Amino acid sequence: MVQNIDAAVFQRMMIHAHAAINAQKQSINDLNVFPVPDGDTGTNMTLTIGAAASEMRKKHCDTVGQAAGATASALLRGARGNSGVILSLLFRGFSKAIKEKEIMDGRDLAIALDFGVAAAYKAVMKPAEGTILTVSRLAASRAAGHAREDDSFEGVLEAAIQEGQEALALTIGQNPVLKKAGVVDAGGKGFLVILQGMLDEVRGLPMPENAGEETAPNDKADFEAVNAEDITFAFDTVFIVRKFKENTDLDPFRKYLNSIGDSLVIGEDDEAFKVHVHTNTPGSALNEAQKYGVLELAKIENMRTQAEDLAAGRHVQSTDDLDAVEEELEKGTDSVHAAPEKKFGYVAVCAGSGLEAVFRDLGVDQLVGGGQTMNPSTQDILKAIDATPAGVVYVLPNNKNIIMAAQQTIPLCKDKKVVVLPTKTVPQGISAMLAADADADEADNTAAMMEGFANVRTSEITYAARDSDFDGFAIRQGDYLALAEHQLFGTDQNLSAMLERLAKSEAHQTAEFISIFYGEDVTEEQAQEAEKIFAAACPNAEITLLAGGQPVYYYMISAE
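Throughout, residues of each chain are indexed from 1 in the direction in which the sequence is written. Per-residue local features of the predicted model are confined to residues with pLDDT of at least 70, and side-chain atom pairs are confined, for both listing and counting, to 80 or more; whole-chain, interface and lining totals are unaffected and use all residues. In computing side-chain properties, one takes all heavy atoms of the structure into account and sets aside hydrogens as well as water.

Enquirer: Would you mind showing me how to read the sheet that holds strand β7 (residues 342-350) here?
Expert: Strands pair in a sheet through their backbones, by hydrogen bonds, and they do so in one of two ways: parallel or antiparallel. At least two DSSP bridges between two strands are needed for those strands to be called paired. Numbered from the N terminus, helices here are DSSP runs of H or I no shorter than four residues, and strands are runs of E no shorter than two. Strand order in the open sheet formed by four strands is β8-β7-β9-β10, with parallel pairing between adjacent strands. Each edge of the open sheet is held by one strand with a lone partner, namely β8 (366-369) and β10 (417-420). Recorded for the sheet is a direction-independent mean angle of 20 degrees between the axes of neighbouring strands. In this sheet, β10 lies alongside strand β9 (residues 390-396) in parallel orientation, the contact comprising four bridges. Note that in β10 the partner of V395 across the bridge is V420. Here, residues are in contact when the closest pair of their heavy atoms is within 4.5 Å. Interaxial angles span 0 to 180 degrees and are taken between N-to-C directions of axes, which are lines fitted to C-alpha atoms, for helices over the stretch in contact. Helix α15 (residues 353-361) rests against β7, β8 and β9 of the sheet, and its axis sits at about 170 degrees to β7. Sitting on the sheet, helix α20 (residues 442-454) touches β7, β9 and β10, and the angle it makes with β9 is about 15 degrees.

Quick look at the structure:
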């Protein structure tokens, strides 16, 4: 049994933990019982701990306390979604417990796990059983008991994982939704995968190969074989896209890419596809790709300039140089800061050019890309706050899974007051901005904005990403799903029929104002038909149709 660990081992443990959860990311996503195609738990936890792994690769820490502190800081700023925020809180408490430690044994680990659980429970307003909180609490309790008998680091961590696995199995019965679906809690599963990755590193086991990522076909262009004038299409473009749904027909996309470039290679599996293409318009390729899924990673290199540099004997720049550029930019982050020039400023999270335009027209200073398909990190939101020239900055998360990440920016922002309004949908955020008053004092402005979105009821129409038996509905992959206030309203294979049922619901029958935001996959003609359906069903409401351009959701509909 390994008795204790030092900083170097701890740093490798974080890197191994990221590889472990990345390899199981999709299986954790699949535990999410709601069949909506969103940024799921596995994705959020992987991206969150990925921030820590990246930091551990860059830094050299002299003590385990320094390594844990750097990990907690990276996790806090990289936290995405509620699961990612809770994970960051667990490690924040963990790091405080061993702040002064040079090395760490089993007793230190047990105390650190207990501190982590306390920090997470303190931050969550209404802790629920059958979640990552339950799993982490019981794992920490077992670690403390084991440490009294055996204080080896390896032994205590193994005991914590064993107890955690038993606790995870019980989550099925502790949460009614999980019980109905017959699955364990996704966040708890992700936490244990991370702990297991840490233990595997201590035991010298190899990291999962490729960590769930493909190797790019023709990932590097052969620059020595071409001259600049021989290059028809300048940009060597490689990217990975996570599919919205399985069995996606990529033939139209393949034809499109062939029309704007050459040297095309597309590799795919059930979950994602990877593209290599030479083109003069890489932005067009990436934009078109997002009709089929969520862009995860991209690389663009100019082969003409590389060929010219090679011929002239100069250094050939590639995306490998971006690590140095990124480090330089990060060092200068603190200097890119907007000093307060006005009383109030506003930051909003949304996805879609139409929605962005609406928020800008209403006075939002900074927009953070993201939403249901990809939750932005705490750092993403913090950068937007820093760039807002105001003394008080209001943040509109516009998604219930982003609120916690937004709230983590409050203690991180030193010279501006941050007010996070708990808007759970984009229409709520829009209504809050409509109620904002630049001449009011802070308390009155906050109250007006809160009141502005309190009565907004939001419905959304999307599709089922997988088969599911949820809340009495037998859902098949590809079915249209209607959600009302995030609860499943109904399913149908006919979109018009789904719209009619939604329009006849009480929320819309009693509304005075209805706004319909249509997504990027809806044509203007289709949207006008949807407007007609609501106009016929809701004759007493004033109906507004707007191009939202949002991904995944065909329609977002607000009722007031």
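Let us keep going from here.
Enquirer: What's the story with the packing of aromatic side chains in this structure? I'm lost.
Expert: Here the distance between the centres and the angle between the planes together describe a pair of aromatic rings. Centres within 6.5 Å make a pair out of two Phe, Tyr or Trp rings, where for Trp the six-membered ring is used; the pair is then stacked when the planes are under 30 degrees apart, edge-to-face when over 60, and tilted otherwise. For the structure shown, the criterion picks out eight aromatic pairs. Judged by centre distance (5.8 Å) and plane angle (65 degrees), the ring pair of F253 and F273 falls under edge-to-face. Remark: F273 occurs in strand β5 (residues 272-279) and F253 occurs in helix α11 (residues 251-260); sequence separation between them is 20 residues. Their ring planes at 40 degrees and their centres at 5.2 Å tell us that F253 and Y292 sit as a pair that is tilted. Residue F253 is found in helix α11, and its partner Y292 is found in the loop between α12 (282-289) and β6 (293-302); the two are separated by 39 residues along the sequence. Both residues of the pair, F253 and Y292, count as buried. In textbook terms, an aromatic cluster arises when at least three aromatic residues are bridged by ring pairs, as seen for F10, F91 and F94. Burial here depends on accessible area, computed with a 1.4 Å probe over protein chains only, as a share of the maximum for the residue type. Under 20% is buried, over 50% is exposed, and the range in between is partly exposed.

Enquirer: Just to check I follow, could you spell out unusual backbone geometry for this structure?
Expert: Among all residues save glycine, negative phi is the norm, and among peptide bonds the norm is trans. Despite not being glycine, H486 shows a phi value in the positive range, around 70 degrees. With respect to the element layout, H486 can be found in the loop between β14 (480-484) and β15 (487-492). A positive phi is found at V552, a non-glycine position, where the angle reads about 70 degrees. Note that V552 resides in the loop between β17 (542-547) and β18 (555-559).

Enquirer: I keep staring at the side chain of H146 and nothing clicks. Help me out?
Expert: Within the element layout of this structure, H146 appears in helix α7 (residues 132-149). Given a relative accessible area of 16%, H146 falls into the buried group.

Enquirer: What is the right way to look at the packing of helix α3 (residues 41-58) against helix α10 (residues 186-202) in this model?
Expert: Each pair of packed helices can be described by the angle between their axes along with the distance between the axes. In the contact formed by α3 and α10, the axes pass within 9 Å of each other and the chain directions differ by 35 degrees. For α3 against α10, the interelement crossing comes out right-handed. For the pair α3 and α10, the contacting residues are T41, M45 and I49 in the first and A186, G187, G190, F191 and I194 in the second. Tallied by class, the residues present in the contact of α3 with α10 amount to five nonpolar, three polar and no charged. By the definition used in this description, the sense in which the near helix is turned from the far one sets the handedness, with an anticlockwise turn below a right angle giving left-handed and a clockwise turn giving right-handed. Side-chain classes follow a simple rule in which Ala, Val, Leu, Ile, Met, Phe, Trp, Tyr, Cys and Pro form the nonpolar group, Asp, Glu, Lys and Arg form the charged group, and the remainder, Gly included, forms the polar group.

Enquirer: Help me out: how do you make sense of the pairing of β5 in this one?
Expert: Both faces of the sheet carry side chains from a regular strand, because those side chains alternate between them. Of all the eight residues making up β5, eight are buried; the element is thus mostly covered by neighbouring parts of the structure. Along β5, one buried face is formed by A272, K274, H276 and H278 and the opposite face, lined by F273, V275, V277 and T279, is buried too. In this sheet, β5 lies alongside strand β3 (residues 235-243) in antiparallel orientation, the contact comprising eight bridges. Residue pairing for β5: V241 is matched across the bridge by F273. Pairing geometry for strand β4 (residues 261-268) and β5, over six bridges, is antiparallel. The partner of E268 across the bridge, within β5, is F273. Joining the antiparallel neighbours β4 and β5 is a turn of three residues.

Enquirer: Would you mind showing me how to read the pattern of salt bridges here?
Expert: Two side chains that carry opposite charge are able to pair once their charged atoms sit near each other. Any Lys or Arg side-chain nitrogen found within 4 Å of a carboxyl oxygen on Asp or Glu counts as a salt bridge. With the rule as written, the count across this model stands at 16 salt bridges. Close ionic contact of K532 with E529 constitutes a salt bridge, the shortest N to O distance being 3.5 Å. With a gap of three residues between them, K532 and E529 both fall in helix α23 (residues 524-537), about one helical turn apart. Of the residues examined, E529 reaches a relative accessible area of 43% and is grouped as partly exposed. Among the charged side chains, a salt-bridge network with shared partners connects E154, E158 and R203.

Enquirer: Help me understand the sheet that holds β4 in this model?
Expert: Spatial ordering of the open sheet is given by β4-β5-β3-β6, a layout of four strands whose pairing is antiparallel. For this open sheet the edge positions go to β4 and β6, each flanked by a neighbour on one side alone. Strand-to-strand twist across the sheet, computed as the mean angle between neighbouring axes with direction ignored, equals 15 degrees. With nine bridges connecting them, β3 and β6 associate as antiparallel partners. Across the sheet, the residue bridging to T237 is I300, located in β6. Each of β3, β4 and β5 is contacted by α11, which is oriented at about 155 degrees to β4, the strand it contacts most. Taken strand by strand, α12 contacts β3, β5 and β6, and its axis lies near 10 degrees from that of β3.

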